[in-house]
Amino acid sequence: MSYESLQILWFVLIAVLWIGFYFLEGFDFGVGMLLPFLGKKDEERRAIINTIGPVWDGNEVWLLTAGGATFAAFPHWYASMFSGFYLAMFLLLIGLIMRGISFEYRSKDAAPAWRQRFDWMIAIGSFISALLLGAIFANLARGVPINENMMFTGNLFTLFNPYGLLGGFTTVAVFLLHGANFLALKLEGELRERVNLFAKKLWLGASALYLILGGFTYASGFWARGIIDPGIVPISAVAALLVAGIFINKKMEGWAFILVALNIVLTQATFFSMTFPNLMLSTTDPAYSLTIYNASASQYALGVTSISALIFIPLILAYQGWTYYMFRQRISTDKKTLVY
Amino acid sequence: MDPILLSRLQFGFTTIYHWMFVPLTLGLVWYVAFFQTRYYQTGDETWRKMTKFWGKLFLINFAIGVVTGIIQEFQFGMNWSEYSRYVGDIIGAPLAIETLMAFFLESTFLGIWIFGEGRVSPKVHLVSIWLAAIGSTFSALWILLANGFMQAPPANSFIFNPDNGRLELVNFFALIGNLKGWIFFWHTISDGVAMAAFLILAVSAYHLARKQNLEFFKLSFNVAAVSGLVAGGMIFLGGHTMGQYMAEAQPMKLAAIEAIWETEQPASFSLLTIGDLTGKQEIWSFRIPYAMSFLACNNFTCEVKGVNELQAKYEQQFGLGDYIPLMVVTYWTFRIMMTFGMVMILITAFFVWTIMRGDITKAWWMKWVPWLLALPYLANASGWILTEMGRQPWIIYGLLRVEDAVSPNLTPTDLLISLIGYIVIYSALAGSMVYLMKKYAIAGPDAAMHESVDVAPAIVGSQD
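Residues numbered from 1 in each chain as written. Chains lettered and ligands numbered in written order. Predicted model: local features only at pLDDT ≥ 70, side-chain atom pairs only at ≥ 80, totals over all residues. Heavy atoms only, no water.

**Details of the overall build of chain A**
What counts here: Every helix listed is a DSSP run of H or I at least four residues long, and every strand listed is a run of E at least two residues long, numbered separately from the N terminus. For the radius of gyration, the atoms used are the C-alpha atoms, and the globule rule reads 2.2 Å times the number of residues raised to 0.38. Relative accessibility thresholds used throughout: buried, under 20% of the residue-type maximum; exposed, over 50%; partly exposed, between the two (1.4 Å probe, protein chains only). The contact rule is simple, with two residues in contact once any of their heavy atoms fall within 4.5 Å. Note that accessible areas follow from Shrake-Rupley with a 1.4 Å probe, and for residues the cover is restricted to the protein chains shown. We treat Lys and Arg as the positive residues and Asp and Glu as the negative residues; His and chain ends play no part in the count. Here the site of a charge means NZ on Lys, CZ on Arg, CG on Asp, or CD on Glu.
When helices and strands are tallied, chain A shows twelve helices and two strands. From first element to last, N terminus to C terminus, chain A shows the α and β order α-α-α-α-α-α-α-α-α-α-α-β-β-α. A compact globule built from 340 residues should have a C-alpha radius of gyration of about 20 Å, and chain A, at 20 Å, falls within 12% of that. A burial count over chain A gives 65% of its 340 residues as buried. Nonlocal contacts in chain A, meaning residues at least 24 apart in sequence, comprise 81% of its contacts between residues at least 6 apart. Split by element, the accessible area of chain A, about 11800 Å² in all, is 71% carbon and sulfur. Computed over 22 positive and 19 negative side-chain charges, the inter-centroid distance for chain A is 9 Å.

**What about the interface of chain B and chain A?**
In plain terms, the rule: Buried area: the accessible area, evaluated with a 1.4 Å probe, that two parts lose upon being put together, summed over both parts. Salt bridge, as applied in this entry: a Lys or Arg side-chain nitrogen positioned within 4 Å of an Asp or Glu carboxyl oxygen. Two N or O atoms form a polar contact when they lie within 3.5 Å of each other; inside protein one atom must be a possible hydrogen donor and the other a possible acceptor, and for residues adjacent in sequence the pair counts only when both atoms belong to side chains. Ten residues, namely Ala, Val, Leu, Ile, Met, Phe, Trp, Tyr, Cys and Pro, are considered nonpolar, four, namely Asp, Glu, Lys and Arg, are considered charged, and the remaining ones, Gly among them, are considered polar.
Each partner contributes to the interface: chain B provides 77 residues, whereas chain A provides 74 residues. Together, the buried faces of chain B and chain A total about 6700 Å²; carbon and sulfur atoms form 72% of this surface. When the buried surface of chain B facing chain A is broken down by residue, R85, F104 and F115 of chain B rank first, second and third, together holding 12% of it. Our count for the contact surface shared by chain B and chain A stands at one salt bridge. Note that D109 of chain A and K439 of chain B form a salt bridge whose closest N and O atoms lie 2.9 Å from each other. Between chain B and chain A we count 21 residue pairs in polar contact (both at pLDDT 80 or more) in total. Looking at the side of chain B that touches chain A, the elements that each hand over two or more residues are α2 (45-79), α3 (81-116), β2 (166-169) and α13 (412-443) of chain B. Counting residues per element, the side of chain B that touches chain A draws most heavily on α3 of chain B, which supplies 26 residues. Its residues placed into classes, the side of chain B that touches chain A shows 44 nonpolar, 22 polar and eleven charged.

**Quick look at the pairing of β2 of chain B**
All names here are of chain B. Rule in force here: Note on pairing: two strands pair once DSSP finds at least 2 bridges between them.
Of the two faces of β2, the one holding R166 and E168 and the one holding L167 and L169 are both buried throughout. Here strand β1 (residues 158-161) pairs with β2 via four bridges, running antiparallel. What sits directly across from N161, in β2, is R166.

Put into structure tokens, the structure is as follows:
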């Protein structure tokens, strides 16, 4: 393969990894944020955690892989973004740690204070992670100050501009909705009824924020700086989210889940097509931007990682898919069936 | 404060912490897989209990490794951006392959193992712990191959590209065929097995001394004593081989470990050397003749280069600078690692001998055994401090200095916020982890048979 096609391949693969992460971990974050509000009694909270118990860690590996693949395929992107967004990344890591450890430790002690503490850590950790991921991606779409040495020249507050915050809160809202839809498919009885009511309200909030973000993105011209026309992808993303509202109202949980998932996937796809071939757009001077050409690894290194990706990604999809099939049944609040 | 120092402190803190938990994971997962295999083969309920009990402790420990591992993956870019640019073309590949080949396997199948009992067939359940164990082990291999490159870059694996001023991979097989990395892997995996053995010995001894669940803990103790002895021997062989590679690839580290100032032939081994406070001058030393030559090259008469000669040589090669690691650290960490490693071998040998002679449950020293758990942790941490600090001032040996690798945009404030943040949250994690470990270790195998603690109210005082 030519050098350029390898660079494009890796842009696409990293996009796929992020999209996979948003789709999968998106509902984990939503479930986490909903936990203390949806679950009134201890066994209800346990049931909620058990819906994602077997899979959350595997879902998070999508993020690790996106990070590792960025390092391998576009070392300059990895270096500029991770060091540039330093404090945002730090907070994201803290959020992920709080949440991850709490899933595992929460039910291993029966003291109510212990459980209460970890439940809130799950919710807060999920919130921080979703907010920062949203802010990071909004800023990548908007562009950040980068100098001629590919170095980020802003600080933490550079990321928390209005557009970044809007991106962050929209991500939180959409993940909340995604999590509610996932729970509607996985829970039963009274909890399922309750989460269906939640979903209706969440849909309103998520749609409102999403439309503001979309309108802002369109009006600001962030849209038109790449070289690919995303075509009907963005409008389909909007449509998916809006139509999801109908199914949520009709309690057609499967379709509601699919449509919001589609919205998340298409939104991320829009982001990546808007950016291409840029990886990090410089607001200082567009000539300083990181692109798939100036930020990539060598042709040989890309070839090596391509071969390993082509071997392992189909395997991963197969066994992770099988896991979801294995744990497809609904979770009840019967204590005997709960693991966490 | 100096950003380089803060970045190093943070990397040291997060990495040593991560490595307090991961070796135990790497070792204990194989014990759990072994116990479950025995249960699958024999149907004997004791093996099932052993799977569950040690599996529970394994999971409590594993969780910390998982959450602290995310930072490990990200902090190369966050804190060492110039390193990532300079060497990402090479180091990126093993790290990406690690996630694809190892992390997915480990996390997905561990999820199936935790939640799958009764839902998947016993065979699939058994296979899932094996796949998780294989995943963990592969992740150690890939990260240690990356570390092997940083310690001793194989000359035929890379070139310097003058157009973009970075190192580029030209031969992947030379990168993964780096023997230094494989010896690290051998040494680390056997260290993990030994650490797990000592955990099992410590917990078993606690119960044996109290005459609880004698059959269960006797069996556990026996398995751990024998495997711990074997692992100890493997660690020793790996360590000895590492010494010889070090003599070849990192003579300065070797000289600094041994406090050899002037080149010696044959070289003596320092039993005790007192230096001045800078750690760069010898005041008094007691040495065993010939021993160092043996450690460095397997014969008693070879030459071992001294610090002063190497410093002069490096100044000629790389320009003026200080190429001597902090000797007080390399010297003492090596001795702690080696002494504790030896003590571990002797102790496990003694345990095996006692087991062969008769009834270990009557041993009067049993109640002291839990304290031995400190040995593998101190030996492990010392070994890594030695390996990493002994490489100073290099981040990639002979190619890139630590001071040139750090992210140039980070301010001391950024670094202080993150360092303090990590210390606070890691301390909280350690607190919860030690609490749970102790609770489940003391509660014993019957409590671990239940999936969740609150169905065993007598033990944990559940209210519901």
